Structures are given as structure tokens and as C-alpha cells.
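Spelled out, the chains give:
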Amino acid sequence: MHPGATLRLLRVDAGLSLRDLARRIGVSSAYLSRVENGVDAVPTSERLAAIARELDVPPTLLMDVAHRQSPFVANYLEEVPGASALLVDVARRRLTSEQLLRVRAFLDAEFPAPTPMPDTPAPALGPVLTPGRMVLRLTCSALEDALDVAAGRLAADLPGVSASQLVAELRRREAESSNAVGNGVAVPHAFVENTPPLAALVTLAQPLPDETPDGVPLRLLVVLVDGEQRTHRLMRLAHVARLASHGLAGRLSDAEQPSQVQTRLAELESLR
């Protein structure tokens, strides 16, 4: 896990310099640089919330990427100490994603939530990813090869945009800051004006030993293209990073059919 890489990814995409963001949240640029490079520990929940406000993304989204506890949860556990024991019991039983879905269904039926959570949910990945834009167990020797394949699938659904144009924009963005977010996942992305959000997914037959923030070789690429306003773009990037921190590459890298990808992705996204 390397949440600092995600913070850098979002900051660069938001058009903020290291100094600008550091000033806005009241820290030194040296400190923020150490966080982004994984030298210093993950910021506190309060500081992550401050960063989220400057990026205009839901604070809980960044906290989930960093596996930090939301103040909402912390306050509840303080008010109801017995809830901690229940969480420990869930962890001891090592419930799977499918089993947690059954627990959630029971809670929804027996104890409906009185009000929705205050955060705007991040745009889901599933609705913008079609079977035709999934390339599974691709054999390639370089990241550029995978980008070429993904760009070809995306361009087929973008009239007037060529694969070469997409590749050029993906590489330009990669040159600004690495798109690897850790746990074997990279999120190459391109802004193409007046285009709807689209995604392509590439799993690799053999991991690529590219430079990654946590040293874990790349196993999966989620390639995003859209022309949406900044907030939606950043939220989708952060959401993919959150999925990565919850084992996206491990869940999808051995899938042999697009239907398997769709099912497993839906399970992960349902636990948001």
C-alpha cells in the first residue's frame, strides 16, 4: 500500500503544486513531499480530510485509500464500545467479500439506515467499463505495449479520437507524475474534451517490473478517459486507488472471462 502515490496523483491532476497544497493545509512542502514519496507515515484522518477539502473530493475516500479510520467511525466506537468487539469478531472470522455482502443485506433489512452518509459517492468503475474494453492476461514486455492495446479499445468507442492521440495524452500525463498507485495497479488516464467517461482494463500474464511506489510489479492497468469536470475525474481516480488498496489486482488478475471481472468488480464496489 502506498497512499502517498495516490495523493501525488490527485494533486498533480488537480493542478496544484506541492507548495500550494502544503500552504493550504498548513504544513511544509518538505513534509508533504516525504508523505507523497512514502518516507513519512500516512497523515492523520484530520489532515487527510483537509487535503480532501482542497482537492474537492470526499474525505472518507482518501481515508479509505490510506486505511485510516473515519472520525465518524471513531466517534461511534467511542460511544458504543461493544461495536469494537463485533469488528474484532468479524476480523477473526476473516469474512470474505461475498460474506460481508450477506451481512450488509441483513443490516439493511433489519436496521435500515435513517439517513444517507453525507459524502457524495465516488463514480463507480463498473458502469464505464464494458467487456469489449477488457484485455485479460495480456503478454507484453513494456507498459507502452499495454497502453497501445488499451488505447485501441478505447478509441473504438470515441468517434473522432484516434488511438495514437490517446496514447500521446496518456504518455504526456505519465511524464508529469507516475500513475502507479501501488498494490500492482496503475491508473493511466487522459483528459479528452467533450468525451464521456470510459475505462479499459488490462490484466497482465506476467507482472511488469516497472518502477512502482511500493516495489510491487504491475499486474493490472485501469485506463481512464473522460472530459468531465475536475471533481468527478479526481473522485474516479481516487476510487480506483481505493479498489487497489483493497486487493483489486489480486481479485482480477487471474480472471479468464469478462463476466468474471464484472462479477468480482461489482463485489468490491458494493463494499464501498
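The rules behind these values
Residues numbered from 1 in each chain as written. Predicted model: local features only at pLDDT ≥ 70, side-chain atom pairs only at ≥ 80, totals over all residues. Heavy atoms only, no water. Helix = DSSP H or I, 4+ residues; strand = E, 2+ residues; numbered from the N terminus. Rg over C-alpha atoms; globule rule 2.2 N^0.38 Å. Buried < 20%, exposed > 50% of the residue type's maximum accessible area, 1.4 Å probe, protein only. Salt bridge = Lys/Arg side-chain N within 4 Å of Asp/Glu carboxyl O. Core = buried A, V, L, I, M, F, W, Y, C linked by side-chain atoms within 4.5 Å. Contact = heavy atoms within 4.5 Å. Expected span 1.5 Å × (residues − 1). Arc of directions from axis to C-beta. Pairing = 2+ DSSP bridges. Phe/Tyr/Trp six-rings, centres within 6.5 Å; stacked < 30°, edge-to-face > 60°.

Regarding the overall build of the protein chain
Part 1 of the reasoning: Counting its regular elements, the protein chain contains 13 helices and 6 strands.
Part 2 of the reasoning: Its C-alpha radius of gyration of 19 Å places the protein chain within 12% of the 19 Å reference for a compact globule of 272 residues.
Part 3 of the reasoning: When its C-alpha atoms are laid out on the principal axes, the protein chain stretches across 55 × 45 × 35 Å.
Part 4 of the reasoning: Residues counted as buried form 44% of the 272 residues belonging to the protein chain.

Comments concerning the pattern of salt bridges
Pairing between side chains becomes possible if they bear opposite charge and their charged atoms approach one another.
Part 1 of the reasoning: In total, this model carries 16 salt bridges according to the counting rule given.
Part 2 of the reasoning: The shortest N-O distance in the salt bridge between Arg 133 and Asp 157 comes to 2.6 Å. Taken together, the positions of Arg 133 in strand β1 (residues 129–138) and Asp 157 in the loop between α9 (143–155) and α10 (163–176) put the pair 24 residues apart, joining distant regions of the chain.
Part 3 of the reasoning: As a salt-bridge pair, Arg 172 and Glu 169 come within 2.8 Å of each other at their nearest N and O atoms. Taken as a pair, Arg 172 and Glu 169 lie in helix α10 at a separation of 3 residues, close to a single helical turn.
Part 4 of the reasoning: The exposure class assigned to Glu 169 is buried, which follows from its relative accessible area of 18%.
Part 5 of the reasoning: Connected through salt bridges with shared partners, the residues Asp 13, Glu 169, Arg 172, Arg 173 and Glu 176 form a single ionic network.

Some details on the nonpolar core
Part 1 of the reasoning: In this structure, Leu 55, Leu 125, Val 185, Val 222, Leu 224 and Leu 248 are the most contacted members of the largest nonpolar core, which totals 52 residues.
Part 2 of the reasoning: It is helix α11 (residues 230–245) that contributes the most residues to this core, 8 residues altogether.
Part 3 of the reasoning: With residues up to four places along the chain from it excluded, the contact list for Val 185 reads Ala 180, Leu 218, Leu 220, Val 240, Ala 244 and Ala 249.

With respect to α9
Part 1 of the reasoning: Here α9 is 13 residues long and its end C-alpha atoms lie 18 Å apart, about the 18 Å a rise of 1.5 Å per residue gives.
Part 2 of the reasoning: The set of residues buried in α9 consists of Leu 143, Ala 146, Leu 147, Ala 150, Ala 151, Leu 154 and Ala 155. The arc enclosing the buried residues of α9, seen along the axis, measures out at 160 degrees, which places them on a common side.
Part 3 of the reasoning: Where α9 is buried, its residues contact β1, α10, β5 (198–208) and β6 (218–226).

A word on the pairing of β6
Along a regular strand, successive side chains alternate from one face of the sheet to the other.
Part 1 of the reasoning: Burial within β6 is extensive, with 8 of its 9 residues counted as buried.
Part 2 of the reasoning: Bridging between strand β3 (residues 185–186) and β6 involves 2 bridges; their strand directions are parallel. Paired with Val 185 across the strands is Leu 220, a residue of β6.
Part 3 of the reasoning: Here strand β4 (residues 189–191) runs beside β6; their pairing, made up of 3 bridges, is parallel. Considered in β6, the bridge of His 189 is made with Leu 224.

Focus on the packing of aromatic side chains
Ring pairs (aromatic) are described by centroid distance and by the angle formed between their planes.
Part 1 of the reasoning: By the definition in use, this model includes 1 aromatic pair.
Part 2 of the reasoning: Both rings, one in Phe 106 and one in Phe 111, keep their centres 6.3 Å apart while their planes meet at 75 degrees; by these two values the pair is edge-to-face.
Part 3 of the reasoning: Residue Phe 106 is classed as partly exposed on the basis of its relative accessible area of 48%.

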